[in-house]
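Chains, contacts and geometry: an overview
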Amino acid sequence: MTIFLELGQRPDEAGPPIHGPSAYPPDVAARLTADAATIIAKYPQSRSALLPLLHLVQSEDGYLTPAGIGFCADRLGLTAAEVTAVATFYSMYRRNPTGDFLVGVCTNTLCAIMGGDAILEALQDHLDIHAGGTTGDGRVTLEHIECNAACDYAPVVMVNWEFFDNQTPSSARDLVDELRSGTPPAPTRGGPLCTFRETARTLAGLGDPRSGAGEVGAATLAGLHIAQENSMTAPAPTATEDRPPTGDNGAAATQDAVETTRDEPAPAPSATVPVESGTAETTPRATESDT
């Protein structure tokens, strides 16, 4: 049996992987060249500036175009194929025109359990677009994403990568309505919203137009507070005598140690975190006879 696997852009992005204008007008190219020089000067190796340069051209077009790919390639001495290979790897680089507000809905495990699927379905119905689509007024692009990295406040919706925590279908509908009305609400935490193109320019390293950084959520800092209340600290650096042996037999000795411990069970939970090296565990380890 023959199985064909179709490879290409993400399913929610229609059209060729990179499409649109093939070159910038002279005035735009000159302006971007000045910005690119500022970015490239920050790096010892110019090629290291590729990711921020991709954000720069995305701030100009609202997505990646052949013009932007060619611009980055020319600035860094790369081929268009090399730039495209990097650009199409990262999901933050858009391949279709993007609205003023990129609304990302997470349906990964925890968000899904807490209602992320219902939120995505509600927004698709409310906006009358599918994931990857943009509203007719160009204000909102809806994106189905894997994870917002904010599971402590699931389900979470992001707008231009700013957090809106503990969402419901109703609150998410209100959120996109406010975005479309021109009165974007303040994120749950972090700085005020700015447009997608302004966000891309900030990610390029060319300054943040916003004022007010906001605060980190309490749930995110819960572990830190517990550690502080219990005077927990990171373990001290490993002593010299604990380092793997060196010399002719060093590699063999290290491999022997790996083989010896490979099949050992993981340590049981302990009331003391972290357990100091060489001390006994404070919680007895369960055995098969105990279960």
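Refer to the structure printed above.
This section reports on the structure supplied with the text. Predicted model only: the values in this text are computed from it and were never measured. (Residues numbered from 1 in each chain as written. Predicted model: local features only at pLDDT ≥ 70, side-chain atom pairs only at ≥ 80, totals over all residues. Heavy atoms only, no water.)

**Examining the overall build of the protein**
On a plain count of helices and strands, the protein comes out with 10 helices and four strands. Secondary structure elements in the protein, listed N-terminal to C-terminal, are α-α-α-α-β-α-α-β-β-β-α-α-α-α. Residues classed as buried in the protein amount to 34% of the 291 residues present. In the protein, the share of contacts with a sequence separation of at least 24, taken over all contacts with a separation of at least 6, comes to 64%. Per element, the accessible surface of the protein, about 17200 Å² overall, is 56% carbon and sulfur. (Helix = DSSP H or I, 4+ residues; strand = E, 2+ residues; numbered from the N terminus. Buried < 20%, exposed > 50% of the residue type's maximum accessible area, 1.4 Å probe, protein only. Contact = heavy atoms within 4.5 Å. Areas by Shrake-Rupley, 256 points an atom, 1.4 Å probe, with all protein chains shown as cover.)

**What about the nonpolar core?**
Counting 25 residues, the largest nonpolar core has Leu-53, Leu-54, Leu-56 and Val-83 as the members making the most contacts within it. Listing elements by their share of this core, those giving two or more residues are α1 (26–40), α2 (50–61), α3 (66–76) and α4 (80–87). Among the elements that take part in this core, α3 stands out by supplying six residues, more than any other. Leaving out residues up to four positions away in the same chain, Leu-53 has contacts with Ala-36, Ile-39, Ile-40, Cys-72, Arg-75 and Leu-76. (Core = buried A, V, L, I, M, F, W, Y, C linked by side-chain atoms within 4.5 Å.)

**Concerning the packing of α1 against α2**
Taken N-terminus to C-terminus, the directions of α1 and α2 make an angle of 150 degrees; their axes are 10 Å apart at the nearest point. Relative to α2, α1 is oriented roughly antiparallel. The crossing of α1 and α2 is right-handed. In contact with Val-28, Arg-31, Leu-32, Asp-35, Ala-36, Ile-39 and Ile-40 of α1, α2 contributes Pro-52, Leu-53, Leu-56 and Glu-60. (Axes fitted to C-alpha atoms, helices over the stretch in contact; angles between N-to-C directions. Parallel < 35°, antiparallel > 145°, perpendicular 65-115°, else oblique. Left-handed = near helix turned anticlockwise from the far one by under 90°.)

**Side note on the sheet that holds strand β1 (residues 101–106)**
The four strands are arranged β2-β1-β3-β4 in an open sheet whose pairing can be described as mixed. Taken across any chain shown, the strands that pair with only one partner, and hence form the sheet edges, are β2 (140–145) and β4 (162–164). Strand-to-strand twist across the sheet, computed as the mean angle between neighbouring axes with direction ignored, equals 25 degrees. The pairing of strand β3 (residues 157–159) with β4 spans three bridges and is antiparallel. Residue Val-159 lies in a different strand from β4, and its bridge partner there is Glu-162. (Pairing = 2+ DSSP bridges.)

**With respect to helix α8 (residues 196–203)**
All buried positions along α8 are accounted for by Phe-196, Thr-199 and Ala-200. One side of α8 carries all its buried residues, which in axial view fall inside an arc of 100 degrees. Those residues of α8 that are buried are in contact with α2 and β1. Following α8 by one or two positions, Gly-205 adopts a phi angle in the positive range, close to 90 degrees. (Arc of directions from axis to C-beta.)

**Things to note about a nonpolar patch on the surface**
A surface patch of nonpolar side chains, about 310 Å² in accessible area, is lined by Leu-51, Phe-89 and Tyr-90. Topologically, Phe-89 is positioned in the loop between α4 and β1. (Patch = residues over 30% accessible without salt bridge, like charges linked within 9 Å, V, L, I, M, F, W, Y side chains within 5 Å. Salt bridge = Lys/Arg side-chain N within 4 Å of Asp/Glu carboxyl O.)

**Overview of the pairing of β1**
Most of β1 sits inside the fold, with six of its six residues counted as buried. Where β1 lies against β2, six bridges are found, and the strand directions are parallel. Following the sheet pairing, Gly-104 is matched in β2 by Glu-143. Both β1 and β3 contribute to a ladder of three bridges, which runs antiparallel. Paired with Gly-104 across the strands is Met-158, a residue of β3.

**Observations regarding the pattern of salt bridges**
Applying the stated rule across the entire model yields six salt bridges. The residue Arg-139 makes a salt bridge to Asp-100 at a minimum N-O spacing of 2.8 Å. Of this pair, Arg-139 sits in the loop between α6 (116–127) and β2 while Asp-100 sits in the loop between α4 and β1, and the two are 39 residues apart along the sequence. For Arg-139, a relative accessible area of 21% translates into the label partly exposed. A relative accessible area of 27% places Asp-100 in the partly exposed class.

**So, the packing of α2 against α3**
Any two packed helices are characterised by how steeply their axes cross, that is the angle between the axes, and by the distance between the axes. The contact between α2 and α3 brings their axes to 9 Å, and the two run at 145 degrees. Read as a crossing pair, α2 and α3 show a hand that is right-handed. Side by side, α2 and α3 meet where Leu-50, Leu-53, Leu-54, Leu-56, Val-57 and Asp-61 of the first sit next to Gly-68, Ile-69, Phe-71, Cys-72, Arg-75 and Leu-76 of the second. A per-class count over the contact of α2 with α3 returns nine nonpolar, one polar and two charged. (Nonpolar A, V, L, I, M, F, W, Y, C, P; charged D, E, K, R; others polar.)

**Looking at the environment of Arg-189**
Tracing the chain through its elements places Arg-189 in the loop between α7 (169–181) and α8. For Arg-189, a relative accessible area of 10% puts it in the buried group. Between the C-alpha atoms of Arg-189 and Glu-162, which are 27 residues apart in sequence, the distance is 7.6 Å. In this structure the side chain of Arg-189 is engaged in a polar contact, spanning 2.7 Å, whose partner is the side chain of Asp-165. (Polar contact = N/O pair within 3.5 Å; in protein donor to acceptor, adjacent residues only side chain to side chain.)

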